[in-house]
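# Analysis of the macromolecular model
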Protein chains: 4
Amino acid sequence: MRQGCAVIVIGWVLFGAAAAPTAAQSAVVVTGATVIDGTGAGPIRDAVIVIEGNRIAAVGPSRTVKIPSGAQRIDAAGKFIIPGLMDANVHLILMMSIEFHARYEGRYEDLIEEAAQVTLRNGVTTVFDSWGPLQPLMNVRDRINRGETVGSRMFVAGNIVGLTGPLDRDMNPQAATASTAPFRKRVNAVYTENVGAELLWKTPEGVRIEVRKYIARGIDFLKYAAAGHGDGNLNFLMFSPEAQRAIVEEAHRAGLIAQSHTESVESLRQAVEAGIDMGQHMEVTGPEPMPESTLKAMLDRKIHAAIQPMTQRRLKGLMGAVSPEWGKTLQVAADNEVRMLKAGIPLLMASDGGLLDPDEVASNDPRAATDLPFALGEGHFLWLRAMGEKGMTPMAAIQAATRNVAAAYRRLDQLGTLEKGKLADLVILDADPLVDLENVRKISMVMKEGQVIDRDKLPLKAILTVPRPPAGSPRE
Amino acid sequence: MRQGCAVIVIGWVLFGAAAAPTAAQSAVVVTGATVIDGTGAGPIRDAVIVIEGNRIAAVGPSRTVKIPSGAQRIDAAGKFIIPGLMDANVHLILMMSIEFHARYEGRYEDLIEEAAQVTLRNGVTTVFDSWGPLQPLMNVRDRINRGETVGSRMFVAGNIVGLTGPLDRDMNPQAATASTAPFRKRVNAVYTENVGAELLWKTPEGVRIEVRKYIARGIDFLKYAAAGHGDGNLNFLMFSPEAQRAIVEEAHRAGLIAQSHTESVESLRQAVEAGIDMGQHMEVTGPEPMPESTLKAMLDRKIHAAIQPMTQRRLKGLMGAVSPEWGKTLQVAADNEVRMLKAGIPLLMASDGGLLDPDEVASNDPRAATDLPFALGEGHFLWLRAMGEKGMTPMAAIQAATRNVAAAYRRLDQLGTLEKGKLADLVILDADPLVDLENVRKISMVMKEGQVIDRDKLPLKAILTVPRPPAGSPRE
Amino acid sequence: MRQGCAVIVIGWVLFGAAAAPTAAQSAVVVTGATVIDGTGAGPIRDAVIVIEGNRIAAVGPSRTVKIPSGAQRIDAAGKFIIPGLMDANVHLILMMSIEFHARYEGRYEDLIEEAAQVTLRNGVTTVFDSWGPLQPLMNVRDRINRGETVGSRMFVAGNIVGLTGPLDRDMNPQAATASTAPFRKRVNAVYTENVGAELLWKTPEGVRIEVRKYIARGIDFLKYAAAGHGDGNLNFLMFSPEAQRAIVEEAHRAGLIAQSHTESVESLRQAVEAGIDMGQHMEVTGPEPMPESTLKAMLDRKIHAAIQPMTQRRLKGLMGAVSPEWGKTLQVAADNEVRMLKAGIPLLMASDGGLLDPDEVASNDPRAATDLPFALGEGHFLWLRAMGEKGMTPMAAIQAATRNVAAAYRRLDQLGTLEKGKLADLVILDADPLVDLENVRKISMVMKEGQVIDRDKLPLKAILTVPRPPAGSPRE
Amino acid sequence: MRQGCAVIVIGWVLFGAAAAPTAAQSAVVVTGATVIDGTGAGPIRDAVIVIEGNRIAAVGPSRTVKIPSGAQRIDAAGKFIIPGLMDANVHLILMMSIEFHARYEGRYEDLIEEAAQVTLRNGVTTVFDSWGPLQPLMNVRDRINRGETVGSRMFVAGNIVGLTGPLDRDMNPQAATASTAPFRKRVNAVYTENVGAELLWKTPEGVRIEVRKYIARGIDFLKYAAAGHGDGNLNFLMFSPEAQRAIVEEAHRAGLIAQSHTESVESLRQAVEAGIDMGQHMEVTGPEPMPESTLKAMLDRKIHAAIQPMTQRRLKGLMGAVSPEWGKTLQVAADNEVRMLKAGIPLLMASDGGLLDPDEVASNDPRAATDLPFALGEGHFLWLRAMGEKGMTPMAAIQAATRNVAAAYRRLDQLGTLEKGKLADLVILDADPLVDLENVRKISMVMKEGQVIDRDKLPLKAILTVPRPPAGSPRE
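### Let's talk about the overall build of chain A
Scanning chain A from N- to C-terminus turns up 15 helices and 18 strands. Relative to its length of 476 residues, chain A is compact, with a C-alpha radius of gyration of 22 Å against a globular reference of 23 Å. Dimensions of chain A, computed from C-alpha atoms along their principal axes, come out at roughly 65 × 60 × 45 Å. Counting only residues that meet the buried cut, chain A has 62% of its 476 residues in that class.

Given below as structure tokens:
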């Protein structure tokens, strides 16, 4: 179904496995920029970054760093460098409509690849996909890792343990009556494998057995549902505490982190007590504020919290479009975010985003269509703006989008900061992000593992990112 | 809305508060029958029961019991007497359709009264209503208790703590789009008061506060939802274990028993561990059998289990009408019942029944319309048949429908057996129920608190028990 | 179901059949007012109206009219008198929801009576009900005519020949899945009798046979569907021209007028060519304007046109709430109204109104809730305002609401103007309607057939005109 | 989207435009078979058919026909030859589900080509597509005609004038809520162009203008909706008689035949009176039998009737699956077919068929899944069986599937019989169809325009005719 390996030649840097540069032949030096290294330390003016192979060999003020002879130079004078951005929650396939899955069944890998290229183009060098079809996701992940195609570095969870597929009741209840059973079952099975909603019937030990099998499939981290979706009156709790602990234990036994999907105060508390390492959209607690005791437990247990703040503009627009009950939940979430920020919970940039289907975008209520946090490629910029509005400092915001994510996912040894020995993922900006977080949009260059990305060519094969033809024209 | 107090004169026994007989004037003696007293002891041949006022003054073989002078005699030679039957789970209003509630909004008390008279007519002298509109239920309960009308003795729980009303998503999801909001909200509010689904958002302490208020409303026992309804993929768990314990503690603090609604192995286990005294339809555990450990915990904790067995005929009919998944659940429940019976769990007769709306009855799938266990007035007979089919002895079955229910609800001091000092509720049968449980249908006389019930007059005001006119005739 | 005959005593006038005044004993004279007699003649200042029995014995300037000795006098100096208003299109039961019909099944007569009293209270002494349950409508009509209750004089059509009942697909498609079949069929059958949608399958002769039977049921006029309802993409045409002619012929053979329900240019043309005497909402032609040829044919054939204009305020509000397609249809209808007015088509005041269910009113989109033309008791005032806005003179508007309606329905010999020999239906106003049509709201007195109506007592038994209790209070 | 021209080499006959044989080089002679020439004449034993180029040069008993020298011979001794079959009603794209159109939007030509190859493979050399997306249909039609691909000869109508597209209310009402508007509108517009349901608003002259434009698009024949679809309670009549006549006139003015979609006695009568040349499924008249007068009018006007009979087996199966009302309609249609046959109406073989979506097939009610008349490639065989069951002679049945169709569509000069000068479309059978119509299934060879079709290779590119993968395997 998918096309062959893409090789991109961009001047002096070849992209592609065959041309993977060796340290000897291709040391690269970036000079003259101000480096914000993600460690929290102050900016380094007139810095030099030496890259050998795919790693950082040195970084520091120009006076302290020796430039290897024969190195190729990138002059970044007047520019600003930050670590490659990391999105703690993406869904490289996000859509759940009948027509989307009918259209793209069997082409999921192409869609995933497109999405991972859109993120990379926009400075996000690493993404954590926390819900999607596992096998296609792993296939693309591995192709990118092998250099057979280009894209953000992917870590994948596959299904959210305990949830149904996209054409099933948790995600799209209408599918049951408006699509055929064979189609629906095929699609859902690609997502759920052995860890769908049928797990909810089982005893903790029964759950444990299935989760262990699923981990063996090759996931990079584990996510489970402590609550369901819906507007909150359904699926309040999913697994018993005993089952939740079994799930988390199995992740830890395999050396993986465990994260949660929660939507209420009690599901959040249960997840925290079950031993999760981090959680998604932890600010969402329904119409009830997050209890202080839960906030404290998160702090005590050093849990990282991925959150999805809205810009003020979006919140205002949404308030005019949603029910009072839902408005209450939105406001509580906004308040929880500020409380978490003030309390010192390590926050993670997370868009919860995917590429949107053009037809669905065109169908949106205009009041709910502004500053979409889940619009992949754009959502991470909006995250920074939203947190700026809430009082987060630019330095902290940059760390939330780099170092904190690496730390939460236990990848800080390789990723998240610009330090010697780490993979050379970085974004060169035209203006200072510490002055204005909007400057993160002003991307001059993206480098992943030491290779310059030809951003203009991404995505290589546009599918969702091209508009659909208008009705009736051109005639086929 | 409701009509005035009914006074029924039946020969030498007056029904009605004004005419409540005193012990002095109206000792009644029933002679000549075989008495199965509900204690488990063998039948007493040629027994005499002496009733003074509303209580049993003596019971025993004729040779051992002195008949008071001037007592009125009921000759029951050749007949068989059992304690008044007790249904551990009824819904005196059961229906959840839009049209039902539109038709009867504001007339719930009339419906409840009719239902409590249908049960009494059929030998059930005490019912435990475990879901319904609290205030109307209490009003009828109290009128019956005051002798202002006739009916089975009622104990009521009101709402199932944590569940929505009848026109809301747990019970009738279609109501949201096919009825007006003001109507729907009025009806639901009569049911849920302050303990509906919004409780699920709250912390255990928040739940406790609301439950305490609700108990103060005057409920007789407390029921909460450990699981929701639906075909099992929704609402797996509702309250966290901490919240469940808070609910049970509040019931116990008020001297009430606590019971559960469960539908899966984990919700059942959680309820058992939360300290419930009894549970409804505890055999329903979804497609997974009840774990041995849970069965053992129920035994250890002396939990009473109300169950809803089907006759073999019904099970067979249903199997042809339902999905394979649901069929699995039905079969597991049937197996669980046998396991519980063999393990010695004290089982309770429970119909889960109400009066059915004639229009809904006429709309039923014929394959699912046989031996309806939830058809009030009939379901308790079917229960006995179904348990007989499963191997329960007639004596045990009679105890399940009398003594066990009284014990489970902590009313054994007053009810459940034919012993001196207890309320004189009894059913006189024309044939021996120990020979054939079907003989329980052969009711010769029902006596409640020493008064003979004029069964032919019940229900006094037929509403649901009269057929609806056919389409278009007669013209209005 | 319904209460007994109501007798209202209002000073010197008794209401009720037993007390129907005779000419000899009870001549009544109204003096001093300005009379606008509905004939189109100029107002008569200082007029005298002499009423003997239920008819007008004389009307004219005081100097020309002899006042009978012993007559009772009503001093109306400074006031203005117009003929009793006539609404060419009402639905005394209008609602089509499941909950409405579940609530009121079997009580239709009470609702009809209430509605006919609301109209009378507001000056409408005669109404033409063009869709409703025939037998209940006839029963109330006859009781009013016999003086057993009070209300506007009713003429009824029963079902719209060819349409379904209120709980069927033309009116309420959702009913099919959200209500029980027995209930739905009962309700629909009361409406459709033998002239529902099944007629559409038949040949013209087959249609003729059923229509003849229906006419024999006792209808006062006949209405048939040349088009269906829906937003216009469904049910474009219903009966063939041959069948339409058969329907109209049967009406005429029985001495009845025939009227049409149309919603498009072609259904309108077909109805006109089929020989209808008048049509309802003839301005509604969909997004296409009424063809000139059809307008001319209406003129040539002297067809009366009942229309339902909106006030400018309502049209503006609605435009913000409806689809562009529907907005086009509204604008075309508004334009058609002006064209019909200018062309000299005799227009009829028609509210198409009924009493609204309070729950449905509370559920309305606020943008569509202003100046509801179909709110019975209010709609006729809005009609006058709307037509004033469109340039109709006050005199013409008053005639459209009186004389024209009587003429269209062939009742001009008895009704429609204040002339000698006619039934004494009149409305006394506090201010001059020729100066401002809003003054028609300033009703001082309503007289029907010579009897003063005690407006403050109407409706006698309020059902839909009382608010429903709010959610959950008071507890039952 | 579609692949390039396919060239099939089968021994001595090349398929493909470049290799179109000329008369000089490639006379072909078929010898030894019994020829049933479709004219109604008796079978010709030991016949010779001489084909020069794409036409029949001679046909007759071997003794009367001179075989050109150098002709290539096909020995058909012992076999039976009938004209190429003609299906008077197909839908090369038939499906109307959301998922189908999402999956295949933009690939309609591939589907059409596949379908036209399935029909050809099964002996149907000519098909008349009476509803589908016009431009894709014309594109495939023209490619086949130019010899760029292989398939049955296509004649196309495009949209049924007055009906909506597949994802709109007439065909798939659910699409409105379960798909996005942009997608739905694109798909529908490809079908309806300017002659969808919006025409129904227009005057006859307005309709005429649009129909004239549509004819100019290049349709081969015109079909319009005199009735809609639905179970018959909706869309009884669509266009007024005047508009119907305008539509038919426009077809005739352009030299095209006009045909109708009807579903009731009145829509059928209107279509007949409007001047149609033929009609589709004319036996379907709802629960009312076809009037004798209509039957006579069809005879008088020499109207050809395409019908869709069911086998007895299917009718029996369906009766158990459908409502009594629908069963009545099915029985009436079956009766009408026999009446039409006896009356001598020229009947046409018409499958109304298309390739079915595998997922939809797998979702069918088994009781309704037997002998599907609309299963393209199979339906025409079932037609013959069904009509045999109803008493049609094999000779008449063969003519209904060949000569009559050509005559109805005014193509008898070129097609429909095996006569000198006609296009050489023929089917060679292994057994005598006059003995048993089932022998038409025993196809030995199909020849279209003198070229032998390599049936084993068809369809060239299987899309709908390959099974879908089962749920979840293989993993992508």
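The rest of the description comes next.
### Looking at the arrangement of the chains
When C-alpha atoms are compared, chain A and chain C, though not in contact, are closest at a spacing of 14 Å. With no contact between them, chain B and chain D keep their nearest C-alpha atoms 14 Å apart.

### So, the relation of the copies chain A and chain B
Overlaying chain A with chain B gives an RMSD of 0.0 Å, the required rotation being 180° about an axis along which the chain moves by 0.0 Å. The superposition operator between the copies reduces to a two-fold rotation axis. Mapped onto chain B, 100% of the interface residues of chain A are again interface residues, and the two copies thus contact each other with one and the same surface.

### A closer look at the packing of helix α7 (residues 241–253) of chain C against helix α8 (residues 265–274) of chain C
Residues and elements named next belong to chain C. The N-to-C vectors of α7 and α8 enclose an angle of 45°; their axes lie 9 Å apart at closest approach. Judged on the interaxial angle alone, α8 and α7 are oblique. In the packing of α7 onto α8, the handedness of the crossing is right-handed. Every residue of α8 that contacts α7 at P241, Q244, R245 and V248 is listed here: Q270, A271 and A274. When grouped by side-chain class, the residues that make up the contact of α7 with α8 number four nonpolar, two polar and one charged.

### As for the domain arrangement of chain A
All names here are of chain A. Along its sequence, chain A is organised into domain 1 (6–84 + 417–456) and domain 2 (85–408). Its C-alpha centre places domain 1 at a distance of 30 Å from the equivalent point of domain 2. With 32 residues of domain 1 in contact, the opposing surface of domain 2 contributes 31 residues. When the buried surface of domain 1 facing domain 2 is broken down by residue, L437, R441 and K448 rank first, second and third, together holding 25% of it. Our count for the domain 1 to domain 2 interface comes out at four salt bridges.

### Some remarks on the interface of chain A and chain B
Taken together, the contact pairs 31 residues of chain A with 32 residues of chain B. Summed over both sides, the interface of chain A with chain B buries roughly 2,800 Å², with 58% coming from carbon and sulfur. For the chain A face of the interface with chain B, the top three residues by lost area are R169, W201 and F236 of chain A, together amounting to 28%. There are four salt bridges connecting chain A and chain B. Its salt-bridge partner being E288 of chain B, residue K202 of chain A comes within 3.3 Å of it at the nearest N-O pair. Here chain A and chain B share nine residue pairs in polar contact (both at pLDDT 80 or more) between them. Residue assignment for the side of chain A that touches chain B shows that the elements contributing at least two residues are α7 (241–253) and α8 (265–274) of chain A. Among the elements that line the side of chain A that touches chain B, the one with the most residues is α8 of chain A, at five residues.

### Some points on the pattern of salt bridges
All chains considered together, the criterion is met by 156 salt bridges over all chains. The partner of K79 of chain A in a salt bridge is D430 of chain A, and the shortest N-O contact between them spans 2.8 Å. Here K79 of chain A is found in the loop between β6 (72–75) and β7 (80–83), whereas its partner D430 of chain A is found in the loop between β16 (426–429) and β17 (443–448), with 351 residues between them in sequence. For R208 of chain B, the salt bridge identified is with E249 of chain B, shortest N-O distance 2.8 Å. Taken together, the residues span a long stretch of sequence, with R208 of chain B in helix α6 (residues 204–216) and E249 of chain B in helix α7 (residues 241–253) at a distance of 41 residues. Residue R208 of chain B is classed as buried on the basis of its relative accessible area, which comes to 14%. Linked by salt bridges that have partners in common, R103, D357, D359 and R468 of chain A together with E105 and R186 of chain D make up one network.

### Overview of the confidence of the model for chain A
Residue and element names in this part refer to chain A. The predicted model of chain A has a mean per-residue pLDDT of 92, with 92% of residues at 70 or higher. In the model, residues 1–24 has pLDDT below 50 throughout and makes 51 contacts with residues more than four positions away in sequence or in other chains. The ipTM value of the predicted complex is 0.93, and its pTM value is 0.93.

### Thoughts on the interface of chain A and chain D
Size of an interface: often given as the accessible area lost when the parts come together. Counting from both sides, the interface comprises 37 residues of chain A and, opposite them, 37 residues of chain D. Both faces combined, the contact of chain A with chain D buries some 2,800 Å², and carbon together with sulfur accounts for 52% of it. For the pair chain A and chain D, the number of links is eight residue pairs in polar contact (both at pLDDT 80 or more). Looking at the side of chain A that touches chain D, the elements that each hand over two or more residues are α1 (98–104), α2 (108–121), α3 (134–145), α4 (175–178), α5 (181–192) and α12 (358–362) of chain A. In terms of residue count, α5 of chain A provides more of the side of chain A that touches chain D than any other element does, seven residues in total. When grouped by side-chain class, the residues that make up the side of chain A that touches chain D number 14 nonpolar, nine polar and 14 charged.

### Considerations on the nonpolar core
By size, the foremost hydrophobic cluster in this structure holds 429 residues, and its most contacted members are Y224 of chain A, Y224 of chain B, Y224 of chain C together with Y224 of chain D. In contact with Y224 of chain C, not counting residues within four places along its chain, are I160, V161, F239, Q244, I247, V248, Q259, S260, H261, A271, A274 and I276 of chain C.

### Concerning the relation of the copies chain A and chain D
The operation relating chain A to chain D is a screw motion whose rotation component is 180°, with 0.0 Å of axial translation and a residual RMSD of 0.1 Å. Interface overlap between copies is the fraction of interface residues in one copy that are interface residues in the other; for chain A against chain D it reaches 100%, indicating a shared surface.

### Quick look at the packing of aromatic side chains
What the rule picks out here adds up to 31 aromatic pairs over all chains. On the basis of an interplanar angle of 65° and a centroid distance of 6.1 Å, the ring pair of F128 of chain B and F221 of chain B is categorised as edge-to-face. Taken together, the positions of F128 of chain B in strand β9 (residues 124–129) and F221 of chain B in the loop between α6 and β11 (222–225) put the pair 93 residues apart, joining distant regions of the chain. Note on F128 of chain B and Y409 of chain B: the rings are 3.6 Å apart at their centroids and 10° apart in plane angle, and the pair reads as stacked. Highlighted residues: F128 of chain B in strand β9 and Y409 of chain B in the loop between α15 (403–408) and β16 (426–429), separated in sequence by 281 residues. Accessibility assignment for this pair places F128 of chain B and Y409 of chain B in one class, buried. Taken together, the ring pairs in this structure connect F128, F155, F221 and Y409 of chain A into an aromatic cluster.

### Some points on the sheet that holds strand β10 (residues 153–156) of chain C
Residues and elements named next belong to chain C. Pairing is parallel across the open sheet formed by three strands, whose spatial order is β8-β9-β10. What marks the edges here is a single partner per strand, and that holds for β8 (85–90) and β10. Averaged over all pairs of adjacent strands, the angle between their axes in this sheet comes to 15°, without regard to strand direction. Pairing between strand β9 (residues 124–129) and β10: four bridges, direction parallel. Note on β10: the bridge partner recorded for F128 is F155. Taken strand by strand, helix α3 (residues 134–145) contacts β9 and β10, and its axis lies near 150° from that of β10.

### Here's the deal with the pairing of strand β7 (residues 80–83) of chain D
Note: strand β3 (residues 28–35) of chain D against β7 of chain D, two bridges, orientation parallel. Each residue of the ladder has a partner; that of T34 of chain D, found in β7 of chain D, is F80 of chain D.

### What to know about the environment of A41 of chain A
Residue position: A41 of chain A is located in the loop between β3 (28–35) and β4 (44–52). Put simply, A41 of chain A and M395 of chain A are 354 residues apart on the chain and 9.0 Å apart in space, counted from C-alpha to C-alpha.

### Some details on the environment of R184 of chain B
Residues and elements named next belong to chain B. You can see R184 is positioned in helix α5 (residues 181–192). Residues R184 and V28, spaced 156 residues apart in sequence, show a C-alpha to C-alpha distance of 50 Å. Sequence-distant contacts of R184, that is, excluding residues within four places in its chain, are made with L167, A175, A176 and S179.

### Concerning unusual backbone geometry
Omega for the bond connecting L458 of chain C with P459 of chain C falls within 30 degrees of zero, at -5°, which places this linkage in the cis form. Its location among the elements puts P459 of chain C in the segment after β18 (451–452). Within the chain, E449 of chain A stands out as a residue other than glycine whose phi angle is a positive 50°. By secondary structure assignment, the location of E449 of chain A is in the loop between β17 and β18 (451–452). Look at E449 of chain A and you get partly exposed, because its relative accessible area is 25%. Of note, the phi angle at D352 of chain B is positive, near 55°, even though the residue is not glycine. Structurally, D352 of chain B is set in the loop between β15 (347–349) and α12 (358–362).

Definitions and cut-offs
- Residues numbered from 1 in each chain as written.
- Chains lettered and ligands numbered in written order.
- Predicted model: local features only at pLDDT ≥ 70, side-chain atom pairs only at ≥ 80, totals over all residues.
- Heavy atoms only, no water.
- Helix = DSSP H or I, 4+ residues; strand = E, 2+ residues; numbered from the N terminus.
- Rg over C-alpha atoms; globule rule 2.2 N^0.38 Å.
- Buried < 20%, exposed > 50% of the residue type's maximum accessible area, 1.4 Å probe, protein only.
- Contact = heavy atoms within 4.5 Å.
- Least-squares fit on C-alpha atoms with pLDDT ≥ 70 in both.
- Axes fitted to C-alpha atoms, helices over the stretch in contact; angles between N-to-C directions.
- Parallel < 35°, antiparallel > 145°, perpendicular 65-115°, else oblique.
- Left-handed = near helix turned anticlockwise from the far one by under 90°.
- Nonpolar A, V, L, I, M, F, W, Y, C, P; charged D, E, K, R; others polar.
- Domains from an automatic or database assignment.
- Buried area = accessible area lost by both parts, 1.4 Å probe.
- Salt bridge = Lys/Arg side-chain N within 4 Å of Asp/Glu carboxyl O.
- Polar contact = N/O pair within 3.5 Å; in protein donor to acceptor, adjacent residues only side chain to side chain.
- pLDDT = per-residue confidence, 0-100.
- Core = buried A, V, L, I, M, F, W, Y, C linked by side-chain atoms within 4.5 Å.
- Phe/Tyr/Trp six-rings, centres within 6.5 Å; stacked < 30°, edge-to-face > 60°.
- Pairing = 2+ DSSP bridges.

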